[in-house]
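The residues making up each chain are set out below.
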Amino acid sequence: MSRFGIDIPPFAQMALRALETAGHEAWLVGGCVRDALLERKVHDYDIATSARWQEAETALIAAGFTVHRTGTAHGTVTASLNGNTIEVTTYRTDGAYTDGRHPDNVTFVSTIEEDLARRDFTINAMAYHPDRGLLDTGSGQSDLETHTICAVGDASKRFAEDSLRVLRGCRFASQLGFTIEPTTLAAMKKEKTGLLRMSAERITQEMDKLLLGDFVHDALMETVDVLVAFMPEIAACRGFDQHTPYHIYDVWEHTAWVVQYSPKTRLARWVALLHDIGKPAAFYTDANGCGHFFKHQQLSTILAKSIMERLLMSPAFTAQALTLVRIHDRQIAANPRSVKRTLSKLDGDVGLFRTLCGIKRADALAQSELSEPRLKLSYELECVLDEVIASNDAFSLRQLAVNGNDVLELGVPTGPRIGELLDLALDAVIEERLPNERDALIAFLGAQR
Ligand code: ATP
Ligand code: MG
């Protein structure tokens, strides 16, 4: 951690100076101080100031900033200069946050100390000024050093006031790799059902950040008892022994590792989270006491669908994720024909196929060493995919040397039969029964019709 001050970009220094020149007090606060001390990339700068928003606006405009009144009811204006923006907020304390974004009512206060006391976690409750240095009224600095997430003040009360904080805590654990202080974690669990009042969009936003965190395995293990509030389906996965030599982890820990090992994209991470969620329901043991999860993918798809719909995820994203959940375990041989067959089922979407390979790889890595061949296969599949792309072979209707008009011209009436015939033609090309050539395809379609 840097002990020698924080590098502040010129536009943020200018904003601080502009407010101070006009006779106000101003500090950098919150996430930018935390991330700068951790030497992480800072992605947004916030200033807290003694100025009321009208005064801040006047001072910033005088210094050449453009000012937008982005949240004046809460004392916030956004200042921009040469494409950089900074949020400037009057010192305040907050009422409840029913929208999870802005408090319903705020009280403006006169000191930075009071403003810091309203913030969620000690690591987010520090202020910094280039001349006055760090202002840490709580245990922010030592919590950064010991990698601890600790609520400011009475944890239960703070989480009851604003449930978003509960999920922010889980998300910071995943992004920073910090441990949640026991009293804070206990309060998060106690107040978890408050999350049911939050908008689905807000939950999804925080979950996206959590799933994309560098320390997501540890965070999922630590916070599962909180996340169950809006995904009760995962409760059955926690501690569920798989009774098979292919697995060394219970269903939840396996899931947490698959998320950690999967590609760092929103789609891959959600698929990883949900791919085995139907396993507890699909479980049975055979006469030898060995566990099986026959067709668990189908149950996972049903449960994943209900979670994603509840979280109001977009239909296009949901459809892609459910496709991958449904086929995550499907056997694909490492040969061009088999790869092209799968590609055609994915509408020729090469990116989706790569995500599938990434999920298969992560799935194998999160099993016992008996799954080594699956790991090898996931790499081979991507090599075959590269060969297929380089060969220019057809694996989607778009690449076929005929289209719907050709089928119409053969006298087939408009309707679903056209698509069926084209699918048959594509199958024949993929199976190498036909070349992807117009004349051969027309003859084939004519005979099928
Ligand atoms: P990041 O920007 O990386 O998501 P952040 O901590 O900067 O994390 P912001 O939403 O930018 O989060 O908020 C800035 C600061 O405002 C936080 O650091 C924290 O001090 C305070 N804050 C944000 N949301 C809340 C909340 N729900 N309750 C209390 N304080 C909050
Ligand atoms: Mg921020």
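Before going further, it helps to spend a moment on the sheet that holds strand β4 (residues 76–81). Read from one edge to the other, the open sheet built from 7 strands follows the order β3-β4-β5-β2-β1-β8-β9, with strand pairing classed as mixed. The open sheet terminates on both sides in strands that have one partner only, identified here as β3 (66–71) and β9 (133–136). Geometrically, the sheet is characterised by an average inter-axis angle of 30 degrees between neighbouring strands, direction not taken into account. Strands in contact with helix α3 (residues 53–62) are β3, β4 and β5 (84–90); relative to β3, the strand with the most contacts, it is inclined by about 160 degrees.

The next subject is the packing of helix α16 (residues 336–345) against helix α18 (residues 372–391). Running from amino to carboxyl end, α16 crosses α18 at an angle of 85 degrees, the nearest separation of the two axes being 9 Å. What the angle tells us is that α16 and α18 run roughly perpendicular. Residue-level inspection shows P336, V339, K340 and L343 of α16 in contact with α18, the latter providing L381, V384, L385 and V388. Among the residues making up the contact of α16 with α18, the classes are represented as 7 nonpolar, no polar and 1 charged.

Relative to the helices and strands, H254 is located in helix α11 (residues 251–261). Judged by its relative accessible area of 0%, H254 falls in the buried class. A polar contact is formed between the side chain of H254 and the side chain of D276, at a distance of 3.3 Å. Residues in contact with H254, not counting those within four places in the same chain, are Q242, H247, Y249, H275, D276, D363, A366 and Q367.

Cut-off values and rules
- Residues numbered from 1 in each chain as written.
- Chains lettered and ligands numbered in written order.
- Predicted model: local features only at pLDDT ≥ 70, side-chain atom pairs only at ≥ 80, totals over all residues.
- Heavy atoms only, no water.
- Pairing = 2+ DSSP bridges.
- Helix = DSSP H or I, 4+ residues; strand = E, 2+ residues; numbered from the N terminus.
- Axes fitted to C-alpha atoms, helices over the stretch in contact; angles between N-to-C directions.
- Contact = heavy atoms within 4.5 Å.
- Parallel < 35°, antiparallel > 145°, perpendicular 65-115°, else oblique.
- Nonpolar A, V, L, I, M, F, W, Y, C, P; charged D, E, K, R; others polar.
- Buried < 20%, exposed > 50% of the residue type's maximum accessible area, 1.4 Å probe, protein only.
- Polar contact = N/O pair within 3.5 Å; in protein donor to acceptor, adjacent residues only side chain to side chain.

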